Amino acid sequence: MRFTRPWRTLEKRTADEWMRRWYGTKIYESTWKPALINKFGHYYDQVPMSWMWARLHARTFRLGYFEGGFNTFVERLASTVERRGAKIVYNTPVAKVEQVGGRWFVTTAEGEQGPFDQCLLTTSPQLTLKIAPQLARDAAEYAQQLANLKSIGALVLVVALRWPLMKNTYWLNLPAQSPNKEENEIPFLALVEHTNFVDKKFYGGDHLLYLGDYVPADHAYFQMSQAEIEELFLSKLIKFNPNFNRDWVRKTWLFRTSYAQPVPFVNHSQAIPDLQTPLQGLYCASMSQVYPWDRGTNFAVRMGREVGKLMGKERGDGRGEK
Ligand SMILES: Cc1cc2nc3c(=O)[nH]c(=O)nc-3n(C[C@H](O)[C@H](O)[C@H](O)COP(=O)(O)OP(=O)(O)OC[C@H]3O[C@@H](n4cnc5c(N)ncnc54)[C@H](O)[C@@H]3O)c2cc1C
């Protein structure tokens with residue numbers, strides 16, 4: 001399957017149905033089903049086989065990592081575009097974008113700015129609909145496509161330890177037998193010991209763990225305090241090293257986001273909104289439009305280039321072609 005390209009045929013069937021049939025119930029239940037539950041929770045049996053094909057097709061044994069993390073990449077990107085004349089406004093959420101007389105105006109807590117010829121929204125589909133209410137009014141079909149897109153959230157507890165937890169293990173996916181988290185032995189999906197991959201010298205000598213999970217935005221993990229999440233997650237670490245105790249923990253950081261993993265359904269290619277909206281000068285590009293591949297930074301960069309080309313073409317100045 002890794003070397004074929006039949007994803008348009010495969011998207012007509014769910015991965016649950018396809019894999020159960022071709023791998024047999026026993027193999028499916030013990031390996032693939034837990035992987036699907038881990039990623040999509042209650043949606044696990046609705047995801048198309050094309051998504052699973054893309055995961056296997058794009059897999060390699062090579063793993064890259066930015067020294068200093070993705071922040072290094074983002075900072076380099078920011079300084080490059082600023083050198084070319086772009087202005088980046090930080091910590092200023094956009095509340096609204098509105099087209100008046102064919103030009104775009106952007107409202108933030110600091111007031112209204114504009115006019116702009118073009119506007120690109122890279123937020124989640126649900127937030128995009130809120131920020132650009134004209135879509136629902138003047139481009140109802142497109143707005144409905146955005147509204148139909150589903151996604152789930154994620155949380156990550158990063159833990160700085162004084163001593164290593166695991167020996168020679170970088171990434172452990174913990175099989176979930178049920179989409180109800182409470183029914184699984186381990187309350188998170190991934191246990192990653194990052195410093196078994198990147199040397200601890202880059203992190204002030206800390207051993208870094210990453211305990212992550214995908215959960216819907218209405219899951220209890222979004223209401224629990226950091227202390228409650230810590231208690232629940234850290235209490236399980238003894239299963240991976242019987243010597244572990246809480247004195248090993250130097251510091252923790254909790255990150256939560258309600259939009260983390262888009263969920264594709266059967267025939268998803270027909271459900272994806274175009275990058276160019278029907279409203280002149282307005283574009284939307286988010287990870288929900290990445291398919292059949294799973295969302296990832298490389299696909300975000302590719303989509304950025306694609307939408308840049310479209311915007312350049314509309315302006316007719318050819319700059320987007322570079
Ligand atoms: C737990 C997890 C692990 C991941 N691991 C990897 C990995 O190892 N490798 C990999 O390649 N990819 C990974 N990804 C995926 C990767 O993070 C995404 O594919 C990528 O960040 C998508 O880029 P984006 O620009 O579309 O969205 P984002 O990076 O989410 O950028 C959207 C931006 O919009 C801003 N924003 C939101 N609301 C507003 C507003 N109202 N006004 C203005 N700005 C706003 C946000 O602050 C954010 O900066 C991971 C994702 C998750 C959730």
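Residues numbered from 1 in each chain as written. Predicted model: local features only at pLDDT ≥ 70, side-chain atom pairs only at ≥ 80, totals over all residues.

Visitor: Any chance you could explain the overall build of the protein chain here in plain terms?
Guide: Scanning the protein chain from N- to C-terminus turns up ten helices and ten strands. A compact globule built from 322 residues would reach a C-alpha radius of gyration of about 20 Å, and the protein chain, at 22 Å, matches this within 12%. Projecting the C-alpha coordinates of the protein chain onto the three principal axes gives extents of approximately 65 × 50 × 35 Å. Residues counted as buried form 25% of the 322 residues belonging to the protein chain. Contacts in the protein chain between residues far apart in sequence, at least 24 positions, make up 65% of those at least 6 positions apart. (Helix = DSSP H or I, 4+ residues; strand = E, 2+ residues; numbered from the N terminus. Rg over C-alpha atoms; globule rule 2.2 N^0.38 Å. Buried ≥ 20, exposed ≤ 12 C-beta atoms within 10 Å, placed from the backbone. Contact = placed C-beta atoms within 7 Å.)

Visitor: Can you walk me through the pairing of strand β1 (residues 94-100) in this structure?
Guide: Sheet faces and side chains relate simply in a regular strand, where the side chains alternate between the two faces. Here six bridges tie β1 to strand β2 (residues 103-108), and the two strands are oriented antiparallel to one another. In the sheet register, Glu98 faces β2, and the bridge partner there is Phe105. Taking the residues between adjacent antiparallel strands as the criterion, β1 and β2 are bridged by two residues, where Gly101 takes a positive phi near 60°. (Pairing = 2+ DSSP bridges.)

Visitor: What should I look at first to understand the domain arrangement of the protein chain in this one?
Guide: A common measure of how large an interface is: the accessible area buried when the components associate. Partitioning the protein chain into structural domains gives domain 1 (7-57), domain 2 (86-149 + 273-321) and domain 3 (151-263). Relative to domain 3, the C-alpha centre of domain 1 lies at a distance of 25 Å. In this complex, domain 1 contributes ten residues to the contact, which on the side of domain 3 involves twelve residues. (Domains from an automatic or database assignment.)

Visitor: Sorry, what's going on with the sheet that holds β1 here?
Guide: Consider a sheet: its strands pair through backbone hydrogen bonds, and that pairing is either parallel or antiparallel. In spatial order, the strands read β1-β2-β3; together these three strands make up an open sheet with antiparallel pairing. Every other strand in the sheet has two partners, leaving β1 and β3 (111-116) as the edge strands with one partner each. Mean inter-strand twist for the sheet, computed between neighbouring axes without regard to direction, equals 20°. Of the strand pairs in this sheet, β2 and β3 are connected by four bridges, and their pairing is antiparallel. Looking across to β3, one finds that Trp104 is bridged to Phe116. (Axes fitted to C-alpha atoms, helices over the stretch in contact; angles between N-to-C directions.)

Visitor: So what exactly am I meant to see when it comes to the packing of helix α2 (residues 15-23) against helix α3 (residues 25-40) here?
Guide: If you want to describe how two helices pack, look at the angle between their axes and the distance between the axes. Two numbers describe how α2 lies on α3: the axes approach to 8 Å, and their chain directions differ by 150°. In this view, α2 runs roughly antiparallel relative to α3, as classed from their interaxial angle. Judged by the twist between their axes, the crossing of α2 over α3 is right-handed. Residues Ala15, Asp16, Met19, Arg20 and Tyr23 of α2 form the contact with α3, whose participating residues are Thr25, Ile27, Tyr28, Trp32 and Leu36. Of the residues assigned to the contact of α2 with α3, the class counts are seven nonpolar, one polar and two charged. (Parallel < 35°, antiparallel > 145°, perpendicular 65-115°, else oblique. Left-handed = near helix turned anticlockwise from the far one by under 90°. Nonpolar A, V, L, I, M, F, W, Y, C, P; charged D, E, K, R; others polar.)

Visitor: Just checking my understanding: could you explain unusual backbone geometry for this structure?
Guide: Going from Gly114 to Pro115, the amide bond is cis rather than trans, its omega being 5°. With respect to the helices and strands, Pro115 occurs in strand β3. A cis amide bond, omega 5°, links Tyr291 with the succeeding residue Pro292. Structurally, the position occupied by Pro292 is in the loop between β10 (282-284) and α10 (297-315). Its identity as a non-glycine residue notwithstanding, Asn91 has a phi of 50°, on the positive side. Mapping Asn91 onto the fold places it in the loop between α5 (70-83) and β1.

Visitor: Looking at this structure, I do not really get the site of the ligand. What am I missing?
Guide: Around the ligand sit 16 residues in total, of which Val94, Ala260, Gly296, Thr297 and Ala300 are the nearest. Considering only residue class, the shell around the ligand consists of eight nonpolar, seven polar and one charged. Built from parts of two domains, the shell around the ligand gets at least three residues from each of domain 2 (86-149 + 273-321) and domain 3 (151-263). (Near = placed C-beta within 6 Å.)

Visitor: What is the right way to look at the nonpolar core in this model?
Guide: A general feature of soluble globular proteins is that nonpolar side chains tend to end up buried together. Among the nonpolar cores identified, the biggest contains 35 residues, and Ala15, Val47, Leu209 and Leu211 are the most heavily contacted of them. Built from parts of two domains, this core gets at least three residues from each of domain 1 (7-57) and domain 3 (151-263). Ignoring anything within four residues of it in the chain, the contact list for Leu211 reads Leu157, Val159, Phe188, Leu191 and Phe233. With 13 residues, the next largest nonpolar core counts Cys119, Ala132, Ala143 and Leu146 among its residues. (Core = buried A, V, L, I, M, F, W, Y, C linked by C-beta atoms within 7 Å.)

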